[in-house]
Amino acid sequence: MTGAEFLPFKLDKFCIVYYIMYMRIERVYLDNAATTKCDERVVDAMLPFFTDRYAVASSQFSHSPGIEAKESLDNARRIIAERMEAEQEEVIFTSGATEANNHALKGIARAQKSKGNHIITTAVEHRSIIESLKSLEKEGFEVTKLPVTSEGFVSPEALKRAIRKETILVSVQHVNQETGTIQDIESFGKICKAKNVLFHTDAALSFGRIPIDVRRYNIDLLSLTAHKIHGPKGVGALYVRDGIDMAKWMEGGFNEFNRRAGTENIPGIIGFAKAVELIEPDEIGYIAQLKERLFDGIKKRLDAVRLNGSIKGGIPTILNLTFRFIEGESVLLHLDMRGIAVLTGSACFSRSLEPSYILTAMGLSHEEAHGSIRFSFSRFNTEEEIDYTIDAACDVVKKLRKISPITPDK
Amino acid sequence: MPFPYSEKVLEYFKHPKNVGRIKNPDARATEGSPACGDMVTLYLRVDKKTKRITDIKFESYGCASNIATASIITEMAKGKTIEEAKKITWDNAADELGGLPPVKIHCSVLAVDVLRAAIENYEEKHGLIKKKVKTTKEIVLKRLKHVMNPILGRDIVKTDIVKAVDIKNGLLGVFIDLPREHQFANNIEQEVRERLETLWDIKKVVIKFEEK
């Protein structure tokens, strides 16, 4: 991984660290839940749409380049729709999952205000959900946030109890971005259908990783993004089940079935579809192995490590651990100096200087949240990288525990 | 390097000096807590006659700026008399370190405070301290000068967001001129609380923010 094995002399651990730090040969990128590397094959697929096939996707009575662009756009839409068993006309391209989340909530709430003013969500949603709902509260909507268990699960029973006759919408994420906990959206969909309430799920972290069937799961709205599955940044989609009454959210032309105006980002959309096509069926199994290897390696060598999330009910791409008695930003910085990129839920790292609201909602103490590190994987990670990370993480944690005043029995 | 820290901060973070504990120290103090994200414990050995700090060690649960500041403070204090060491300010430490990012200053202030607290602990133990004083507005403001305004990286008194301080029958009210929903409001509230709740004659601290 470092390229060191090809050198004519033997390098010790320190040299490898030096090698990575200063030669910048390669980095170990374990922040794939934030974003992923855009696959080169995705970039290749996108390029002609910048300089060659750049026409606007237009009506069937347009010039040939416009009709060809429309065909490419429709083809991309079909690929993405098929991945979740949706119809083409139900997929509306957006600038990403944040836009999709904003408009799923605001679009439904504003269009269906006459039916009721109550919306249900959870305590661990993405900020684009939380902030959108804050806006809606100012407009007179009431929001119920369902609590989560210590592993991050929302109980279907709690949802059942929370639904009232004014409830118009339920929004529960499919997979949590910090802990990887997978929600039982099939149950939630069933409950919502039985109670005649619309169901939205944010699938930014799950799409392409675990199967989604919008028909079987009774999903009415679903948010997607391209950049978490090796697609480009700035592209996503909102699935809106056929027949749902929703306010148009970008006014202008008739693009995207008259739901969102504006010239489509065709290169981005082509890249999104290519990224979806490139996902191999056995990819998730490979990633699961990497996660297990890292977790086992660390558990074997360190005490007082807490898994934040669920081993059985978590997505293979995310491993969130708390190293007790130390603070996460220090761990992050030490790992970064060794070429490894991770994320922490520590307050010192966050822009609000508060620990992760997701971990605290799961009942972690502030200390446990401060000491949390999220490792997240992709198909581009290797076993060698994982082994290198185990060594580095154990070394850094031991070093920081040694200087911490709260480490017991030093 | 693309880090927000100076080379010197990173160097001290990687290789902190004077780390560890002193057995049977002449004084010790702890500032902060794991809950608030930073905690430093400092141990002192002081020569009885000369009042000179002969040995000093620290332990840190904290981020890079906390570890680096604690480390440099121990180096600056070692060999000084306790009167000299008391005069070391946060600015001195930050200058030594080549500056700190504004948002990280609150973590490093803790490391300076712990030195003062350890010296106070020494003075208390060795009968060098005066009587307990009644809490006044001035005392409160002095303490609040240790709470950072992360927006500007200076303390909340200097940046003029402490608008009122009321003390009545053990009840202490502080008004902070920031909207309740501000990104740093919770952080500032917690730090203000930690600074003021230890005042011996204060039973309750009430912190108010600007309401819309």
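So, how was this worked out
- Residues numbered from 1 in each chain as written.
- Chains lettered and ligands numbered in written order.
- Predicted model: local features only at pLDDT ≥ 70, side-chain atom pairs only at ≥ 80, totals over all residues.
- Heavy atoms only, no water.
- Helix = DSSP H or I, 4+ residues; strand = E, 2+ residues; numbered from the N terminus.
- Buried < 20%, exposed > 50% of the residue type's maximum accessible area, 1.4 Å probe, protein only.
- Areas by Shrake-Rupley, 256 points an atom, 1.4 Å probe, with all protein chains shown as cover.
- Lys, Arg positive; Asp, Glu negative; His and termini not counted.
- Charge placed at Lys NZ, Arg CZ, Asp CG, Glu CD.
- Pairing = 2+ DSSP bridges.
- Axes fitted to C-alpha atoms, helices over the stretch in contact; angles between N-to-C directions.
- pLDDT = per-residue confidence, 0-100.
- Contact = heavy atoms within 4.5 Å.
- Salt bridge = Lys/Arg side-chain N within 4 Å of Asp/Glu carboxyl O.
- Core = buried A, V, L, I, M, F, W, Y, C linked by side-chain atoms within 4.5 Å.
- Right-handed = clockwise from strand over helix to strand, strands pointing away.
- Patch = residues over 30% accessible without salt bridge, like charges linked within 9 Å, V, L, I, M, F, W, Y side chains within 5 Å.
- Buried area = accessible area lost by both parts, 1.4 Å probe.
- Polar contact = N/O pair within 3.5 Å; in protein donor to acceptor, adjacent residues only side chain to side chain.
- Phe/Tyr/Trp six-rings, centres within 6.5 Å; stacked < 30°, edge-to-face > 60°.
- Lys NZ or Arg CZ within 6 Å of the ring centre and 35° of its normal.
- Parallel < 35°, antiparallel > 145°, perpendicular 65-115°, else oblique.
- Left-handed = near helix turned anticlockwise from the far one by under 90°.
- Nonpolar A, V, L, I, M, F, W, Y, C, P; charged D, E, K, R; others polar.
- Expected span 1.5 Å × (residues − 1).

1. A closer look at the overall build of chain A
Phase 1 of the analysis: From N to C terminus, chain A includes 15 helices and 13 strands.
Phase 2 of the analysis: Reported as C-alpha extents along the three principal axes, the dimensions of chain A are approximately 70 × 55 × 35 Å.
Phase 3 of the analysis: Within the span of chain A, comprising 410 residues, buried residues form 58% of the whole.
Phase 4 of the analysis: As displayed, chain A has an accessible area near 17,500 Å², and 52% of this comes from carbon and sulfur atoms.
Phase 5 of the analysis: The averaged location of the 56 negative side-chain charges in chain A is 4 Å from the averaged location of its 53 positive side-chain charges.

2. Quick word on the pairing of strand β2 (residues 91-94) of chain A
Residue and element names in this part refer to chain A.
Phase 1 of the analysis: Side-chain alternation along β2 places V91 and F93 on one buried face and I92 and T94 on a second face that is also buried.
Phase 2 of the analysis: Strand direction decides the pairing type here: β2 and strand β8 (residues 236-240), joined by four bridges, are antiparallel. Bridged to T94 within β8 is G236.

3. Quick look at the sheet that holds strand β2 (residues 38-46) of chain B
Residue and element names in this part refer to chain B.
Phase 1 of the analysis: Reading across the sheet, the three strands line up as β1-β2-β3 and stay open at both edges, with antiparallel pairing between neighbours. With partners counted over all chains shown, the strands left at the sheet margins are β1 (27-33) and β3 (53-61), one partner each. Direction aside, the axes of adjacent strands within the sheet are offset by 10° on average.
Phase 2 of the analysis: Examined bridge by bridge, β1 and β2 share seven bridges and lie antiparallel to one another.

4. Comments concerning the confidence of the model for chain A
When pLDDT is low, close inspection of the predicted coordinates is not appropriate.
Phase 1 of the analysis: In this model, chain A carries a mean pLDDT of 92, and residues with pLDDT of at least 70 account for 92%.
Phase 2 of the analysis: Long-range and interchain partners of residues 1-11 of chain A, a stretch whose pLDDT sits below 50, account for 13 contacts in this model, where long-range means more than four residues apart.

5. So, unusual backbone geometry
Residues and elements named next belong to chain A.
Phase 1 of the analysis: Unlike most non-glycine residues, N218 shows phi in positive territory, near 55°.
Phase 2 of the analysis: Residue position: N218 is located in the loop between β6 (198-202) and β7 (221-225).
Phase 3 of the analysis: Even without glycine at this site, A304 takes up a positive phi of about 50°.
Phase 4 of the analysis: Structurally, A304 is set in the loop between α11 (283-301) and β9 (305-307).
Phase 5 of the analysis: Residue classification places A304 among the partly exposed residues on the basis of a relative accessible area of 32%.

6. Thoughts on the pattern of salt bridges
Phase 1 of the analysis: Tallied over the full model, the rule gives 38 salt bridges over all chains.
Phase 2 of the analysis: Between E90 of chain A and R215 of chain A there is a salt bridge; the shortest N-O distance is 2.6 Å. With E90 of chain A in the loop between α4 (64-83) and β2 and R215 of chain A in the loop between β6 and β7, the pair connects residues that are 125 residues apart, well separated along the chain.
Phase 3 of the analysis: Its salt-bridge partner being D55 of chain B, residue K78 of chain B comes within 3.8 Å of it at the nearest N-O pair. Of this pair, K78 of chain B sits in the loop between α2 (64-77) and α3 (82-86) while D55 of chain B sits in strand β3, placing them 23 residues apart in sequence.
Phase 4 of the analysis: Taking the relative accessible area as the measure of exposure, K78 of chain B reaches 38% and is therefore partly exposed.
Phase 5 of the analysis: What emerges from the salt-bridge pattern is a single network uniting D39, R41, R209, E283 and R379 of chain A.

7. Some details on the nonpolar core
Phase 1 of the analysis: With 74 residues, the main nonpolar core has I298, F323 and F375 of chain A together with L44 of chain B as its most contacted residues.
Phase 2 of the analysis: Considering every element that reaches this core, the biggest residue donor is helix α5 (residues 105-125) of chain B, with 11 residues.
Phase 3 of the analysis: Sequence-distant contacts of F375 of chain A, defined by excluding residues within four places in its chain, comprise L30, L294, I298, T317, I318, L319, L321, F323, V342 and T389 of chain A.
Phase 4 of the analysis: If you look at the next biggest cluster of nonpolar residues, it comprises 55 residues, including C192, L224, I229 and I269 of chain A.

8. Considerations on the pairing of strand β3 (residues 118-122) of chain A
The side chains of a regular strand alternate between the sheet's two faces.
Residue and element names in this part refer to chain A.
Phase 1 of the analysis: Of all five residues making up β3, five are buried, and the element is well covered by its neighbours.
Phase 2 of the analysis: Residues H118, I120 and T122 of β3 are buried on one face, and the alternating residues I119 and T121, pointing to the opposite face, are buried as well.
Phase 3 of the analysis: Read from β3 through helix α6 (residues 127-138) to strand β4 (residues 142-146), the crossover connection turns out right-handed.
Phase 4 of the analysis: Pairing geometry for β3 and strand β5 (residues 167-171), over three bridges, is parallel. If you follow I119 over to β5, its bridge partner there is L169.

9. Focus on a nonpolar patch on the surface
Residue and element names in this part refer to chain A.
Phase 1 of the analysis: There is a patch of nonpolar side chains on the surface, built from V43, L47 and F50 and spanning about 260 Å² of accessible area.
Phase 2 of the analysis: Assignment of secondary structure puts F50 in helix α3 (residues 48-51).
Phase 3 of the analysis: For F50, a relative accessible area of 48% corresponds to the partly exposed category.

10. Describing the sheet that holds β3 of chain A
Hydrogen bonds between backbone groups are what pair the strands of a sheet, and the pairing can be parallel or antiparallel.
Residue and element names in this part refer to chain A.
Phase 1 of the analysis: Pairing within the open sheet is mixed, and its seven strands lie in the order β2-β8-β7-β6-β5-β3-β4. With partners counted over all chains shown, the strands left at the sheet margins are β2 and β4, one partner each. Ignoring strand direction, the axes of neighbouring strands in this sheet form an average angle of 20°.

11. Some words on the interface of chain B and chain A
Phase 1 of the analysis: Listed per partner, the contact involves 33 residues of chain B and 30 residues of chain A.
Phase 2 of the analysis: Contact between chain B and chain A buries roughly 2,500 Å² in total, counting both sides, with carbon and sulfur atoms accounting for 63%.
Phase 3 of the analysis: Run the count over chain B and chain A and you get seven residue pairs in polar contact (both at pLDDT 80 or more).
Phase 4 of the analysis: For the side of chain B that touches chain A, the elements supplying multiple residues, two or more each, are α1 (7-14), β2, β3, α2, α5 and α7 (185-196) of chain B.

12. A look at the packing of aromatic side chains
All names here are of chain A.
Phase 1 of the analysis: Under the criterion given, the structure shown has two aromatic pairs over all chains.
Phase 2 of the analysis: Summarising the aromatic geometry, the rings of F207 and F272 are spaced 6.3 Å apart at their centres and angled 75° between planes, so their arrangement reads as edge-to-face. Within this pair, whereas F207 is found in the loop between β6 and β7, its partner F272 is found in helix α10 (residues 266-278), the two being separated by 65 residues in sequence. No difference in accessibility class separates F207 from F272, as the two residues are buried.
Phase 3 of the analysis: Here the aromatic cluster, defined as three or more aromatic residues joined through ring pairs, consists of F93, F207 and F272.
Phase 4 of the analysis: The positively charged end of K299 is found above the aromatic ring belonging to F295, 4.3 Å away from the centroid.

13. Here we look at the packing of α11 of chain A against helix α15 (residues 383-403) of chain A
Residues and elements named next belong to chain A.
Phase 1 of the analysis: Running from amino to carboxyl end, α11 crosses α15 at an angle of 30°, the nearest separation of the two axes being 9 Å. Taken together, the axes of α11 and α15 are roughly parallel relative to one another. As α11 runs across α15, the sense of the crossing is right-handed. For the pair α11 and α15, the contacting residues are Y286, Q289, L290, R293, L294, G297, I298 and R301 in the first and E383, I386, D387, T389, I390, D391, A393, C394 and K398 in the second.
Phase 2 of the analysis: Of the residues in the contact of α11 with α15, the class split is eight nonpolar, three polar and six charged.

14. Some points on α7 of chain B
Phase 1 of the analysis: In this model α7 of chain B runs 17 Å from its N-terminal to its C-terminal C-alpha over 12 residues, within 8% of the 16 Å that 1.5 Å per residue would give.
Phase 2 of the analysis: All of the buried residues along α7 of chain B are A185, N187, I188, E189, E191, V192, R195 and L196 of chain B.

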